[in-house]
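# A look at the structure
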Amino acid sequence: MSTAVAPVRKDVRDTRVRKFFWRMWRERSAYLFIAPGVIIFSVFTLAALIFAFYLTFHRWSIIEPEKPYVGLQNYEDMIHDERFVQSVLNTVYFTGASVPLTMIIGLTLALLLNQPIRGRAIFRTAYYLPVVTPFVVSALLWKWLYNGEFGLFNYYLLKGHIIDEPLLWLSDKNLAMPAVVLMSVWSGVGFSMVVYLAGLQSIPYELYESAKLDGCGTWRRIRYVTIPLLRPTTLFLLVIGIIGSLQVFTQIFVMTSGGPVNKTTTMVYYMYLWAFKYYDMGYASTLAFALFAMLLVFTALQLRLFKDGGTQ
Amino acid sequence: MTGITEEPTAHRLASEAAPVLPRRVRRQRNRRPAGAPREKEYVSLKAKLATYLILAPIAILFVAPFAWLISASFQPISTIFANPPTWIPDNPTVDGYKGFLNVGTLTEAQQAQGHGEWRWFLNSAIVAVSITVLQTFFNALCAYTFAKRKFPGRNVIFVLFLGTMMVPGQVTLIPNYIIVQHIPFFGGNDWLGNGGHGWLDSYWGLIMPGVVSAFGIFLLRQFMLSIPDELLDAARIDGASEFRIFWSVVLPLCMPALAANAIFTFQGAWEDFFWPLIIMSDPEKITAPVGLALFVVQNKTDWNLLFAGSVIATLPMVVVFIIFQRHFVRGIAVTGIKG
């Protein structure tokens, strides 16, 4: 009986396979279209990802020909590495300070600019200017502003009698990170503001009107109408902000080089040190995967947000 | 993203092409008929004043660093270090620009201290423009294929693309350095990719990894899904080739999304720092951001040159921003990225 069925099945399978290849042949131009993208993507993303994972199990130095397999040694080293723990704490500190500040100031500015007043475009451009500036330029400029002897900050703070003696912003153990945070907030506020403005414009005016009729003042209208309705926008900015901040590097490289005494060494900067100063690609890759793990929750959330936006 | 923007549709193009009425006509049409309720909230003079009192000082704080940057780029080094700071230079000089671009005759002091290179900006421009053009084209090609073509394996490949969007650039940075070093047949490498330096220190290495972006493909695909299939079928019946359909039908309909993609790609490529920093070492071939950053590390005192270089590095971004301002705001709302 089974011999009677088998040939039929084989026949069906044959037609299916043939159909499959025929469809592939018919749509050959589609493969041609995605070929450049797929090739580049396979080399610089897929292969790179697999290779990065491979590197974490090896002691891989660029300058030495020997690249021995070391098992989980890199991961063990990482857990016991005090500088690594410090870099995680610094990164969390940076993120925890800069993201909420950027969002709160951005929201405040957006609320103020959402009123029918003159000169909105000028203000908007002024707040957005730092976003347009290349990050390296912003960092250089602020490095100068923070300069202990000649910087404008110290000059005006001294002149306004807010401080008594010049502060060494970037070389003070306790001031360096807040100084970097301040610079990052300055360059990120414009972005939050624009996104919040877009969010504000989608809130129907009738809601404010009815809230007003119910006797709500300006503050209560903001608190009970605006902020709840801006929740999606806030969530979006929060996720984007956290992802960006956990990867902070340029400011650190230009302004502090991770100093003083590792107080501003962030995860990416620490990874950079291991890869391109100590030439240990294996350990650096392990550090990169630690960052990947931290980011995973937030990127998954981000992807969900985008998907929702797309299918809405 | 939820509800912070209108969904991108190809249909919206028609409404955008509507004629722009003269301001006077618009105003009259918008005028509120007597007795009708106010459209927008009325803001009292006091509230307005308070708003300005908050907005203006913050605006000054935001703009002042730029004012200082521009002013200082025209000052000699002596007045930059002067106390109190000089906001309006008495004798504006372009020495900083000349020194940073290394054009004209340099003073002895400048030659002794080191200078920048005009090539850095050329390098940046070549790389940023190449990446922008190639990435926009390849992204659109992939996005169209994923959105509108049905072929075996489509979903598998697309999900692979999507999945890697979650991988941060730093993870692939280190392996990519090694991969780029071992590209066969380039930079003295044999066919196995050994022996030379591959794409390190070359435009290839800067450009190629940036010519495809999973993120850009994803966003463009969302946009292209809204193009009606009938339109493409009509072109097909008229005998257009597959590439012709893409080039003459799909691309023109996607202009707003393509513009957003191109703007952000250009921005990102122009100010990219990490990747050029690690793969370029020849001082002739580095890009402007890397040049500036290394300059401050090496010649700590030449701030007038540095400020001049910073102004030049910022200019293209500001120009792009001013020209495409409208796209910027919408693009941000659509993509939620800063370049």
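Structural data are supplied above this passage.
Residues numbered from 1 in each chain as written. Chains lettered and ligands numbered in written order. Predicted model: local features only at pLDDT ≥ 70, side-chain atom pairs only at ≥ 80, totals over all residues. Heavy atoms only, no water.

## Observations concerning the pattern of salt bridges
Per the counting criterion, the structure on display carries 8 salt bridges over all chains. Among the ionic pairs, A:Arg59 bridges to A:Asp77, the shortest N-O distance being 3.8 Å. Of this pair, A:Arg59 sits in the loop between helix 2 (28-55) and helix 3 (73-80) while A:Asp77 sits in helix 3; the two residues are 18 residues apart in sequence, bridging distant segments of the chain. Residue classification places A:Arg59 among the partly exposed residues on the basis of a relative accessible area of 31%. Across the salt bridge formed by A:Arg59 and A:Asp280, the nearest N and O atoms sit 3.1 Å from each other. Taken as a pair, A:Arg59 in the loop between helix 2 and helix 3 and A:Asp280 in the loop between helix 13 (267-276) and helix 14 (281-311) lie far apart in primary sequence, 221 residues in all. Under the relative-accessibility criterion, A:Asp280 is labelled buried at 10%. Shared partners join several salt bridges into a network, and the residues in it are A:Arg26, A:Glu27, B:Arg149, B:Asp233, B:Arg236 and B:Glu242. (Salt bridge = Lys/Arg side-chain N within 4 Å of Asp/Glu carboxyl O. Helix = DSSP H or I, 4+ residues; strand = E, 2+ residues; numbered from the N terminus. Buried < 20%, exposed > 50% of the residue type's maximum accessible area, 1.4 Å probe, protein only.)

## Some remarks on helix 4 (residues 82-113) of chain A
Over its 32 residues, helix 4 of chain A extends 46 Å from the first C-alpha to the last, a length consistent with the 46 Å expected when each residue adds 1.5 Å. A distance of 3.0 Å separates the backbone nitrogen of A:Arg83 from a side-chain oxygen at the start of helix 4 of chain A, and that oxygen is part of A:Asp81. (Expected span 1.5 Å × (residues − 1). Polar contact = N/O pair within 3.5 Å; in protein donor to acceptor, adjacent residues only side chain to side chain.)

## A short note on unusual backbone geometry
Residue and element names in this part refer to chain A. Residues other than glycine seldom take positive phi values, yet Val261 does so here, at roughly 35°. With respect to the element layout, Val261 can be found in the loop between helix 12 (250-256) and helix 13. A positive phi angle, near 65°, is found at Asn262, a position not held by glycine. Residue placement: Asn262 occurs in the loop between helix 12 and helix 13. Asn262 gets classed as partly exposed once you look at its relative accessible area, which sits at 24%.

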